[in-house]
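# Coordinates in review
What follows is the residue order along each chain.
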Amino acid sequence: MAYSTKAKEFYTSELKGMRASGTFKEERYIQSPQAANIKVEYPLGAAPKEVINFCANNYLGLSSHPEVVEAAHKGLDTRGYGMSSVRFICGTQDIHHELEKKLTEFLGTEDTILFASCMDANAAIFDVVLDKDDAMIADRLVHASIVDGIKLCKAQLYNYKHSNMAHLEEKLQEASGCRLRMIITDGVFSMDGDIAKLDKIVELAEKYEAMILVDDSHATGFMGKHGRGSHEYYNVVGKIDVITTTLGKALGGASGGCVSGRREIVELCRQRARPYLFSNTVPPVIVAAARKVLDVISITTDRRDKLEANTKYFREKITQAGFDIKEGVHPIVPIMLYNAKLAQDMAHDLYGEGIYVIGFSFPVVPKGQARIRVQISAAHEQEHLDTAITAFTKIGEKYKILGKKKEEIIQMYGL
Amino acid sequence: MSHIGSYDERYKNFNWTIAEKELDYGNNSIYNIGYYCSDRICEKGLGNRRALIWQGFTGEVRTFTYNDIRIYSNCFATFLKEVGVRAQERVCIFMDRIPELYISFLGILKMGCIAQPLFSAFGEEALLTRLDDAKTRAILTTKKHIHKIRRLRAQLPELTKVIVVDAGDKPLENDEIAFDMDNVPNVDHFDIFKANRDVPSVLHYTSGTTGKPKGALHVHSSIIAQYITTKWVLDLTADDIYWCTADPGWVTGTSYGIIGPWSNGITQAVYDIGFNAQKWYAFIEKHKITVWYSAPTAIRLLMKEGTELVQKFDLSSLRHLISVGEPLNAEAVLWSEQAFGKPFHDSYWQTETGSIVITNYPGMKIKPGSMGKPFPGIIATVLDQQTFEPIRKPGSVGLIALKPGWPSMFRTYWNNKEIYDSKFKNDWYICGDRSSIDDEGYFWFVGRDDDVINTAGHLVGPFEIESALLEHEAVAESAAVGKPDPINLEVVKAFIALKPGYEPSDDLMINIMNFVRKKLSPLAMPQEIEFVDSLPKTRSGKIMRRLLRAQEWGEDIGDTSTLEND
Amino acid sequence: MGEDLKQLIINYVKREYLEEDADQEITENTPLISSGIVDSFSMVSLKTFLEKKLQIKIPDEKATTDAFDTINNIINLLKEFIKE
């Protein structure tokens, strides 16, 4: 036993530091299924409160969809609970294979391999396909899981300024001596809800003979006409070499992820990807439900259409109410407040009004970019959206920020 | 001038997007057939145009405008949703040709379900096979047919919604639900299920040589082909009154008895009646039918009644005649020219193709007895039976084959991907029929490539008949084959060996005939039974159906040593 | 012959073509084929039944759907073939 006083004190002071700087994260206990209306115990010990949820990635409202739940039950009944094995020994069922096929069809790729999460997929992929003679050219704001994956890979890293195509081109030129090049980006960036310029990226990739990897976790299921993702939104289906994405957001929201793309790359993942080789994959119950999710979204665009309409409605109304939002088309609607404390206070007051939203500030977003991130879902009805807009208006009035420009808010509350 | 104009020009310059553009297909991401057959026509300002003129066998007439069928189909869709039927579940329509059949078909599609129409003369065994295979959730039927379903309920656990559309005050049993479209509030707006292009829409069962009947699954975008073939082959225009004699229990009755005419905004007439030459002619006269789509069997039945009968009626409204279901013999073409002053145009297609694929066009020279030429956008050929390579030499007989990719091609057989896959060879879809192509590109039908019996344009599987026969207490073994018939092309003939203790007799024969009729359908009923001591078999004990068939057709049996190893 | 024959056909039609609990009445003037009670295929079993029972042969060209549409029509047709 060598958990020394020194160790204990060190960790305690780390935690204390987090609390002091406001980066300490607390869980809130939801006492209901994930949905538009949820019951939350917050602060801990308080009586549970009914609120409208605006901070889930439940974009399509499928997290507790009755058909999905039913499929999960059926999966549990017919394929059991656990596999007690990695995929290649005795941990693959027919339904795993079917789900991979369905994902391939939906994403418009050549093949797909499941991972226990998209975090695993991102951690695995780079080391599988790139080596020290190769180049990774990544957007500066890629998701943390990609940053980790990149760290595990020996290829040379080039970063380009966020969505800056001229800078990307410079980096591609710099990397021209490498054996293989891969451009790496999120499809949709989760804090701003902005979409990578995949049409331009495809042009540059063709010009400089680079592959493209897109993490489409915040787009799969609803971006593009049929919801295939940001590649469909930019009409470049078939031109993205690797898509990593998650089952943990729009696609039912349980867990699981995948790498989908060129046949050889996926095949190589089955041979070399460490999270695939050394960990169990998604359990049967999730696989069975995810199959249903893909069936539901493959036959109709109803849900993504409703999400699109909800997003448009909310963005219009909240702008009319006098809030300063980041423009765009994505259901992530960042309501800009700039000041961290203002964002926290307003989120707190909104919770009091029955609207569950989260304030984000540094280090999750850059300093002076604090905001409340609202996430719209197809599970929301117009009443939900109207209730939220009324509450936002009320709280916005309280803090006297309605109709105020960025500079005015900063003048009032500081950075 | 016909819609198609010059066939050669059309064929050369064809692209399916021509049809899509005319339909505005995919506007606002709407692909649902239900919308294109009702709402869209109303949106074009044609809501008051008649969509359906319906006449019952008693002479009663009902008329429905496009706005009526839009609203009534909304009522069906709303109702199905309310009783808990979900998108993509199979909903069977099992009724005679009453207005509810046609309108509920659209309602089922509007709410995103898969419509599964079944011929109302089907017996219990035939119904059970098809409802069980499709795991059908709901069935729409009438008092007349509910009995058959009642007797099957215990064997169909998935069939939880049994809906009677004409219950009136007749009491229903258990959980059956009454729905009367004339006595529910109008549903002016229904949120049509936004089905994607390739989402399943219609499931039609068809028979094969072996095994149970297979469900050919079609998708919403099939409407592209059904729309344009209706326009160019049936040549329908706004002023036409169109009559398709087919029952929507079969694919002709849905592709060209619902989807084709209604997506074109045409007025169609339906006569819920069995065959009767005088009444048919009277119907044409009364409603001034202009375009008539019928079948060779019906035409030959009319021939039997003679031209004198034709002359008792004013049939001058008839403008264009088309036929489907089995090869139209030259005599029938010539007779129709004599009787009606215009020829019947033969068209060739099948359940799997979803729309007409080879046909004779208005304005194109007809060669009596020929099926005509491929529809624009359809690449058709005949293949060598061994190599599956196209046969170039005119006049050589081969397997009719089509290049996959036309919009109304079936997408699978329900629960039977293997057989679906087996229908494709060398990237050709094999229709299962044999034909030759002459030096001008006309196709000439020869026959089927298997033991399936084509009776009056309907395919009947020998296996299904033999299975039903074996359930008869007196039957030890049997073989069902097609025998030539002047009216129906083929009819079913059964060879039966009886169990010990049973003797052939007229009563037994009639008893067996009726037994099959009630179990399967009148089409499957053997019209002739030959009692034999035993049936010819291969060394492995398989009944040599082909030998018996060849005998019926007076064909050379050929080398029986190969048959023995069949 | 008339009444016996009529009853013979009515009984056969009821037994073979109607549901047991159907409340439909069959008379000599009920349309059989055009009403869908007997379709043109099922007509064959009716024809065979009559041929065997009465020991006659009805030529195909006489066996039209109209000649079989009501029991009266059928009796009229049969009269041609039954020797008194």
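Reading the values: the criteria
- Residues numbered from 1 in each chain as written.
- Chains lettered and ligands numbered in written order.
- Predicted model: local features only at pLDDT ≥ 70, side-chain atom pairs only at ≥ 80, totals over all residues.
- Heavy atoms only, no water.
- Contact = heavy atoms within 4.5 Å.
- Buried area = accessible area lost by both parts, 1.4 Å probe.
- Salt bridge = Lys/Arg side-chain N within 4 Å of Asp/Glu carboxyl O.
- Nonpolar A, V, L, I, M, F, W, Y, C, P; charged D, E, K, R; others polar.
- Core = buried A, V, L, I, M, F, W, Y, C linked by side-chain atoms within 4.5 Å.
- Buried < 20%, exposed > 50% of the residue type's maximum accessible area, 1.4 Å probe, protein only.
- Helix = DSSP H or I, 4+ residues; strand = E, 2+ residues; numbered from the N terminus.
- Phe/Tyr/Trp six-rings, centres within 6.5 Å; stacked < 30°, edge-to-face > 60°.
- Lys NZ or Arg CZ within 6 Å of the ring centre and 35° of its normal.
- Pairing = 2+ DSSP bridges.
- Axes fitted to C-alpha atoms, helices over the stretch in contact; angles between N-to-C directions.
- Domains from an automatic or database assignment.
- Polar contact = N/O pair within 3.5 Å; in protein donor to acceptor, adjacent residues only side chain to side chain.

Before going further, it helps to examine the interface of chain B and chain A. Counting residues at the interface gives 11 residues for chain B, matched by 12 residues for chain A. Buried surface at the junction of chain B and chain A, summed over both partners, amounts to about 950 Å²; 42% is from carbon and sulfur atoms. When the buried area of chain B at its contact with chain A is split by residue, Arg 86, Lys 194 and Asn 196 of chain B rank highest and sum to 55% of it. On the surface where chain B and chain A come into contact, there are 3 salt bridges. With a shortest N-O distance of 3.9 Å, Glu 67 of chain A and Arg 86 of chain B are connected by a salt bridge. Partitioning the side of chain B that touches chain A into residue classes produces 5 nonpolar, 4 polar and 2 charged.

It is worth spelling out the nonpolar core at this point. Counting 101 residues, the largest nonpolar core has Trp 16, Phe 105, Tyr 242, Trp 262, Tyr 293 and Phe 375 of chain B as its most contacted members. Those residues within four positions of Tyr 242 of chain B in sequence are excluded, and the remaining contacts are Leu 234, Leu 236, Tyr 256, Pro 261, Ile 266, Thr 267, Gln 268, Ala 269, Val 291 and Tyr 293 of chain B. Counting residues in hydrophobic clusters, the runner-up holds 65 residues, among them Leu 99, Leu 114, Tyr 338 and Ala 347 of chain A.

All names here are of chain A. By the secondary structure assignment, Asp 349 is in helix α14 (residues 340-352). Exposure remark for Asp 349: the relative accessible area of 16% places this residue in the buried category. When neighbours within four sequence positions are excluded, Asp 349 is seen to be in contact with Ile 395, Lys 398 and Tyr 399.

This part covers the packing of aromatic side chains. One pass over the full model with this rule turns up 50 aromatic pairs over all chains. With a centroid separation of 6.5 Å and an interplanar angle of 75°, the aromatic rings of Phe 314 of chain A and Phe 392 of chain A are classed as edge-to-face. Of this pair, Phe 314 of chain A sits in helix α13 (residues 302-320) while Phe 392 of chain A sits in helix α15 (residues 382-398); the two residues are 78 residues apart in sequence, bridging distant segments of the chain. With a centroid separation of 5.1 Å and 50° between ring planes, the pair formed by Tyr 25 of chain B and Tyr 36 of chain B is classed as tilted. A residue pair is termed long-range when its members are at least 10 positions apart, and Tyr 25 of chain B in the loop between α2 (16-23) and α3 (33-46) and Tyr 36 of chain B in helix α3 qualify at 11 residues. The two residues Tyr 25 of chain B and Tyr 36 of chain B agree in class, both being buried. Joined through ring pairs, the aromatic side chains of Trp 243, Tyr 271, Phe 275, Trp 280, Tyr 281, Phe 283, Trp 292, Phe 313, Trp 335, Phe 340 and Phe 344 of chain B make up one cluster. Above the plane of the ring of Tyr 42 of chain A lies Arg 28 of chain A, whose end atom (NZ or CZ) is 3.9 Å from the centre. We note Lys 214 of chain B situated over the ring of Tyr 413 of chain B; from NZ or CZ to the ring centre the distance is 5.2 Å.

A word on the sheet that holds strand β9 (residues 242-246) of chain A. Residue and element names in this part refer to chain A. Strand order in the open sheet formed by 7 strands is β4-β10-β9-β8-β7-β5-β6, and the pairing between neighbours is mixed. Edge positions in the sheet fall to β4 (111-115) and β6 (156-160), since each has one partner strand and no second. Across the sheet, the mean angle from the axis of one strand to that of its neighbour is 20°, orientation sign disregarded. Sheet topology places strand β5 (residues 135-139) next to strand β7 (residues 181-186); 4 bridges connect them, and they run parallel. Bridge pairing in β7 links Ala 138 to Ile 184. Its contacts with the sheet put helix α4 (residues 94-107) on β4, β9 and β10 (257-261), and the angle it makes with β4 is roughly 125°. Where helix α5 (residues 118-129) meets the sheet, its contacts fall on β4, β5, β7, β8 (211-215), β9 and β10, and the angle it forms with β9 comes to roughly 160°.

The subject of this paragraph is the domain arrangement of chain A. Residues and elements named next belong to chain A. Segmenting chain A into domains produces domain 1 (22-53 + 302-413) and domain 2 (66-299). Domain 1 and domain 2 are separated by 29 Å when their C-alpha centres are compared. Of the residues lining the interface, 15 residues belong to domain 1; the matching set on domain 2 comes to 17 residues. Interface area for domain 1 against domain 2, summed over the two sides, is near 1,200 Å², with a carbon-plus-sulfur share of 62%. The tally of links from domain 1 across to domain 2 stands at 2 salt bridges. At the level of elements, α13, β11 (332-338) and β14 (370-375) are the ones that each hand at least two residues to the side of domain 1 that touches domain 2. Its residues assigned to classes, the side of domain 1 that touches domain 2 comprises 8 nonpolar, 2 polar and 5 charged.

Moving on, we get to the side chain of Thr 300 of chain A. Within the secondary structure, Thr 300 of chain A sits in the loop between α12 (284-299) and α13. Judged by relative accessible area, which is 8%, Thr 300 of chain A ranks as buried. Among the polar contacts listed, one links the side chain of Thr 300 of chain A to the backbone nitrogen of Asp 302 of chain A, at a separation of 2.9 Å. One polar contact links the side chain of Thr 300 of chain A to the main-chain carbonyl oxygen of Lys 194 of chain B, over a distance of 2.5 Å. For Thr 300 of chain A, the residues in contact, after removing those within four places along its chain, are Phe 193, Lys 194, Ala 195 and Asn 196 of chain B.

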